[in-house]
Amino acid sequence: MIRRILLFFAFLVSFAPAKAQEEDPPETPEHATFPVSLLLETAETAGGAEPLWRPDWPMELPPDLFRGRGGGSPFLSVEAAILPAGSEAQRVYRFARDREGRVREFPFLLGRVFFQAEFSYNDESLAAAIVLKGPGEADLLDLEVLEWEDSRPSLIRVLQGESYAFVFIQRKAGGILEAWYDTEGRLLEAYDFTLAPQAGGDRIVSCRLRGNGGEERYDYDGRGFVTGISGSPGDFSVLYYLEDLPRYREYRPAASGEEDPGAPAPGVYSLRWDEKAFLLSLSGIASGKDADPVDCRYEYTLDEGGNWIERREIRMIRGLGLLIPSPGVTIRRILEYEETE
């Protein structure tokens, strides 16, 4: 049965571009779509040397959120609770992998909103199911992999609420075609991905939404680290310093002037680290109207392994010609170490 479904979707995909030109897409799709191929690539790379952090992440999620003092992630899991200044509410993000090195859980930025992605694998160590949990109770998607090609998911069934959709992923020379269909075989959305050789293998360098022509592009350095992301919100860029530690990051909003509430504050920022890779300060000048200079310092509580389990931000606020310290964001981490013999 699954084989017949796969052949059916393969037939539809071969005609998808022509059909998209002849018929307008549904005005209100039954199912929210998103680029699954980006999610799968993140799962492939997050367990290796490449940092999970990206330059388009909000400022409250620092580059070393899941990092150990020696570089990379020597942990089986990291649970990080973000506590904004003056608020009892907290946001929790988690990264976890199993003892075989497979990524089990990580935060995934989707439409400027963070979802927690939870992966499970079959007996052949192939991704078999994915759960995406958003900030609201209704923000829940269940993805079940029905078919694989070259050990990668090629046909996925997605459940959102009471609505099902099917995602067909076809890798080709230099790219990926991802098409979403409803249960009646109607095309909901299609994404084009361009692949290019990077450190560690082919990586996605652009994602284009066929329906409205929107495109997002990704730049990499020689190690395969993301150094820039350009899309509808604007341009995000980062310059790394020593291993995977950002030294400068910049966000320039799109010329449309529309503010993205989930994006970092526009401007150029400098991050200063010590020799043990602890963040000492964040400073910069936001480019927004009447924006004040940013000047943040940090204090730590460490565990027995020398990794930080709490970081307290101290914001230096200008007043009466002085810099006055004020509490900022506090981050608490629960670390699970990998057992060593």
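See the structure printed just above.
Below is a summary of the structure that appears in this document.

### Considerations on the overall build of the protein
Point 1. Helix and strand counts for the protein stand at two helices and 20 strands.
Point 2. Taken across its 341 residues, the protein has 47% of its residues classed as buried.
Point 3. Taking the contacts inside the protein whose residues are at least 6 apart along the sequence as the reference set, 36% of them involve residues at least 24 apart.

### Some words on the environment of Glu60
Point 1. Inspection of the secondary structure assignment puts Glu60 in the loop between helix H2 (36-45) and strand E1 (75-83).
Point 2. Separated by 268 residues in sequence, Glu60 and Gly328 have C-alpha atoms that sit 9.9 Å apart.
Point 3. Dropping the residues within four chain positions of it, Glu60 is found in contact with Ile82, Arg91, Tyr93 and Ile331.
Point 4. A distance of 2.7 Å separates polar atoms of two side chains, one belonging to Glu60 and the other to Arg91.

### Quick word on a nonpolar patch on the surface
Point 1. A contiguous nonpolar surface patch, about 280 Å² in accessible area, is contributed by Ile317, Leu322 and Ile324.
Point 2. Its location among the elements puts Leu322 in strand E20 (residues 322-337).

### Notes on unusual backbone geometry
Negative phi values dominate among residues other than glycine, just as trans dominates among peptide bonds.
Point 1. Within the chain, Ser125 stands out as a residue other than glycine whose phi angle is a positive 65 degrees.
Point 2. Among the structural elements, Ser125 can be located in the loop between strand E4 (113-121) and strand E5 (127-133).
Point 3. A residue is classified by how much of its surface remains accessible, and Ser125, at 40% relative accessible area, is partly exposed.
Point 4. In this model, Asp150 sits at a positive phi of 55 degrees, which is unusual for a non-glycine residue.
Point 5. Inspection of the secondary structure assignment puts Asp150 in the loop between strand E6 (140-149) and strand E7 (152-160).
Point 6. Of the residues examined, Asp150 reaches a relative accessible area of 66% and is grouped as exposed.

About the criteria used
- Residues numbered from 1 in each chain as written.
- Predicted model: local features only at pLDDT ≥ 70, side-chain atom pairs only at ≥ 80, totals over all residues.
- Heavy atoms only, no water.
- Helix = DSSP H or I, 4+ residues; strand = E, 2+ residues; numbered from the N terminus.
- Buried < 20%, exposed > 50% of the residue type's maximum accessible area, 1.4 Å probe, protein only.
- Contact = heavy atoms within 4.5 Å.
- Polar contact = N/O pair within 3.5 Å; in protein donor to acceptor, adjacent residues only side chain to side chain.
- Patch = residues over 30% accessible without salt bridge, like charges linked within 9 Å, V, L, I, M, F, W, Y side chains within 5 Å.
- Areas by Shrake-Rupley, 256 points an atom, 1.4 Å probe, with all protein chains shown as cover.
- Salt bridge = Lys/Arg side-chain N within 4 Å of Asp/Glu carboxyl O.

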